[in-house]
Amino acid sequence: MKLQSSSKYLLGTASVLALFASAGSITPAHAGASAATRPIYFGGSTLASEAFRQIFDCYSHGNVGSGTAYSDGFQIGATTGPGWITTACNTIATTQVNGLYAGVGSGNGVRGYIANNPQQWYGGTITPPASGTATTSSFLPALQPSLIDLANTGSPSTVFGSYPYPRVDAGLSDSPLAIASGATTLTTVSLGLTPTQGWMVPGSPTTTYAALASITVAATTSVASYNPTAYGPAIQIPAFEVNVAIAVNTGGLDKLHSAVTGTGVLPGTQTNQGAAIQLTTGQLCAIFSGLVTNWDDTTAANVPYLTSGGTASLGAFSDANTLTSGSGSEAYASTSKAITVVYRSDGSGTSFILTNYLKNVCPLLDPTDAKQYKSIFGATNLPSTSFSNLIANVNKFRTNGSTITATWIGGSGSGSVASNVSSNDATKGGRVGYVSADFTYPYTTTVAGVTAPHSAALQNEQLRIAGTTVPNDTTGTLTFIAPTPGAALNAWSDTRLQSTSTTWTWANFNIYNNTFTATTTQGGVTLFGQSVLPLTNVSGAYPLSGTTFLDLYSCYSTTAGVAPDANRVTSLVNFLTWYYSSSDTRPTTVMQNAGFNPVPAGYSALIRSKYLGSLSSTRIAAGGTASTGCSSASGAL
């Protein structure tokens, strides 16, 4: 969602107010605002927010705008690159549906879905006071991608032009729905917020904007449970194959020998997307465990790694920085340059994907726990949507852990993490973060007004087993794997992943639950119980792959709530049918230009037949629909 002014993700209420106040001075990149009349409301994952904003724009072949002088920055045209949507989107048959998306993070996305309460789609992390009430100004989602549409507010104007949304149609999360040990239902903590409506509303005329400066948070919280009697069985389906990129600011790394510069053509491939740095599995584990804290580290026999035959060994962090001529290696920096981790401070599915990788891979490198990998990464509180769990483990098991993590930087939302890393800000040199690939170059060029960070190419298991334990860029090509759509496709093509079945429920769609169920020997290492994706041994597979889940209800109310909508189910099902189409290539084009890849054909076929087929008894339907699971259900709000 790149604006022509080069602003991308402006986080927080103050930024929202400031940009709207100056909206009249911004020239839209594409003035063709959506003229749709039927809404669908999505909220959650910031990882998926950019891609879904573009997908919704394609579906209605118009731009969601925040006023007639300001659009979401996307352009439909023949030009390719960040911010451009294929001209094929101009031929969509219907323009009735306007999809709105609030990027509030995976944790809040699931919270709103389970509670069936759109007021739970607040921005960032809100901690209620111990008693009484407190006010917060951090409740609005990031302005970009556009979460309301003042260029087409609808009738009444609150349909597209206000926030919170009047209802929940789908929550999005990069982490799966989870049932706590011993529980039988999906639950979440629901916060009391006052007021419940009107945080962001259209003014008069519609080019103006009004927003609350703060809302009141009550000390009392309640446990909300998913209500299958009203909503039918929960539906959890993957939206696309995603990559979590390791974003790196190489400022100050004056001895970096493992970088390869790509051309930046979209969609990114191994030949046209370079990497600012190439990192081994051992280096990632060393960084996120706090074992190595400086880019000038050359300590011998310090960093655990596995040989091609699976032998646990120790080497120097600098071993992977091989010289481009001659032999040997050296430190990445000639003087001290701290490795500063930038992490998600809010509930984040991106944190889940990262910690799922670390939990499944890192303990294998340190089987005796000499470097505390089993203690730090193997703890029961991981994987988690809360990066603070990993910080707690580092603090507990690493000497001076609290001193190490005190320098790490938290940011709410993917945009905050990406902008805190950047790529050309010398004051941020040495920083390492993790975001979805679409927040890195070449999928975008700017984030929150700063140059978007470059990503790292990563070593995977196939390379390790083949003996490629250090990168070598003397040929001018990437040795390790960049986070590209093709690399996600390769990861998801691992034959150890489960084949789809008509008997699948929401739990079976959890790709992270695809584990090694029988003892498997891979490259000299015994695997049992680990997740397959982080340990994929497919050539060209990116090891930090995952998905964003669409959390849907089986039964939707079309008559109740503050926004009765007789077309609600039709609008949602028609969109999903197009999105998971076996023949329409437009969704694929849009998501690949954002760095993602469509789910395998078997997944799409099962989703269409099971949840979208007109004769299926498990199809998404309105409450009270006969011959479905909704025959006695009232439907969600």
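Residues numbered from 1 in each chain as written. Predicted model: local features only at pLDDT ≥ 70, side-chain atom pairs only at ≥ 80, totals over all residues. Heavy atoms only, no water.

> When you look at the state of the cysteines in this model, what are you seeing that I'm missing?
Any covalent bond linking the sulfur atoms of two cysteines counts as a disulfide. Summed over all chains, the structure comprises three disulfides. Here Cys 285 engages in a disulfide with Cys 362; their sulfurs sit 2.1 Å apart. An S-S torsion of about -85° defines the bridge between Cys 285 and Cys 362 as left-handed. Note that Cys 285 is positioned in helix α6 (residues 281-288) and Cys 362 in helix α7 (residues 349-365), a separation of 77 residues in sequence. Like Cys 362, Cys 285 is buried. Here the bonded cysteines of the protein are numbered in sequence order, and their pairing is 1-2, 3-4, 5-6. (Disulfide = S-S within 2.5 Å. Helix = DSSP H or I, 4+ residues; strand = E, 2+ residues; numbered from the N terminus. Buried < 20%, exposed > 50% of the residue type's maximum accessible area, 1.4 Å probe, protein only.)

> Teacher, can you tell me more about the sheet that holds strand β10 (residues 215-225) here?
Either a parallel or an antiparallel arrangement is found when strands of a sheet pair, and the pairing is made through backbone hydrogen bonds. Strand order in the open sheet made by the three strands is β5-β10-β7, with antiparallel pairing throughout. Every other strand in the sheet has two partners, leaving β5 (133-136) and β7 (187-194) as the edge strands with one partner each. Looking at each pair of strands side by side, their axes are set apart by 50° on average, direction ignored. Relative to β10, β5 is paired through four bridges, and the arrangement is antiparallel. In the strand pairing of β10, Thr 133 is matched with Ala 218. With respect to the sheet, helix α3 (residues 106-115) is in contact with β7 and β10, its orientation differing from that of β7 by roughly 90°. (Pairing = 2+ DSSP bridges. Axes fitted to C-alpha atoms, helices over the stretch in contact; angles between N-to-C directions. Contact = heavy atoms within 4.5 Å.)

> Help me out: how do you make sense of the environment of Tyr 580 in this one?
Positionally, Tyr 580 belongs in the loop between α14 (568-579) and α15 (586-593). For Tyr 580, a relative accessible area of 1% translates into the label buried. Spatially, the C-alpha atoms of Tyr 580 and Ala 239 are 8.7 Å apart, while their sequence positions differ by 341 residues. For Tyr 580, the residues in contact, after removing those within four places along its chain, are Ile 237, Pro 238, Ala 239, Leu 550, Val 599, Ser 604, Ile 607 and Arg 608.

> Looking at this model, I keep getting lost on the pairing of strand β15 (residues 340-344). Mind explaining?
A regular strand places its side chains on the two faces of the sheet in alternate fashion. Most of β15 is tucked away, with five of its five residues classed as buried. Where β15 meets strand β17 (residues 431-436), three bridges bridge the pair, whose relative direction is parallel. Bridging from a neighbouring strand, Thr 340 pairs with Arg 431 of β17. Where β15 meets strand β16 (residues 409-411), three bridges bridge the pair, whose relative direction is parallel. Counted as the bridge partner of Tyr 343 is Gly 410 from β16.

> Is there a simple way to explain the confidence of the model for the protein in this structure?
In the predicted model, the protein carries a mean pLDDT of 88, and 90% of its residues have values of at least 70. Here residues 1-31 is modelled with pLDDT under 50, and outside its nearest four sequence neighbours on either side it reaches 97 contacts, counting other chains as well. (pLDDT = per-residue confidence, 0-100.)

> Is there a simple way to think about the pattern of salt bridges in this case?
Pairing is possible between side chains of opposite charge, provided their charged atoms come close. Enumeration over the complete set of coordinates arrives at nine salt bridges. Across the pair Asp 57 and Arg 53 runs a salt bridge, and its minimum N-O distance is 3.1 Å. You can see Asp 57 and its partner Arg 53 sitting in helix α2 (residues 49-60), four residues apart, about one turn around the helix. This pair shows no difference in class: Asp 57 is buried, exactly as Arg 53 is. Close ionic contact of Asp 346 with Arg 344 constitutes a salt bridge, the shortest N to O distance being 2.7 Å. The pair formed by Asp 346 and Arg 344 is uniform in burial state, with each residue classed as buried. Several salt bridges converge on common partners, so that one network encompasses Arg 167, Asp 169, Asp 565 and Arg 568. (Salt bridge = Lys/Arg side-chain N within 4 Å of Asp/Glu carboxyl O.)

> Even after reading the chapter, I still don't get the pairing of strand β4 (residues 97-103), so can you show me in this structure?
A large share of β4 lies buried, amounting to seven of its seven residues. Covered by surrounding structure in β4 are Val 97, Gly 99, Tyr 101 and Gly 103 together with Asn 98, Leu 100 and Ala 102, the residues of both alternating faces. Summarising the sheet, strand β1 (residues 38-44) and β4 pair through seven bridges and their orientation is parallel. Residue pairing for β4: Gly 44 is matched across the bridge by Gly 103.

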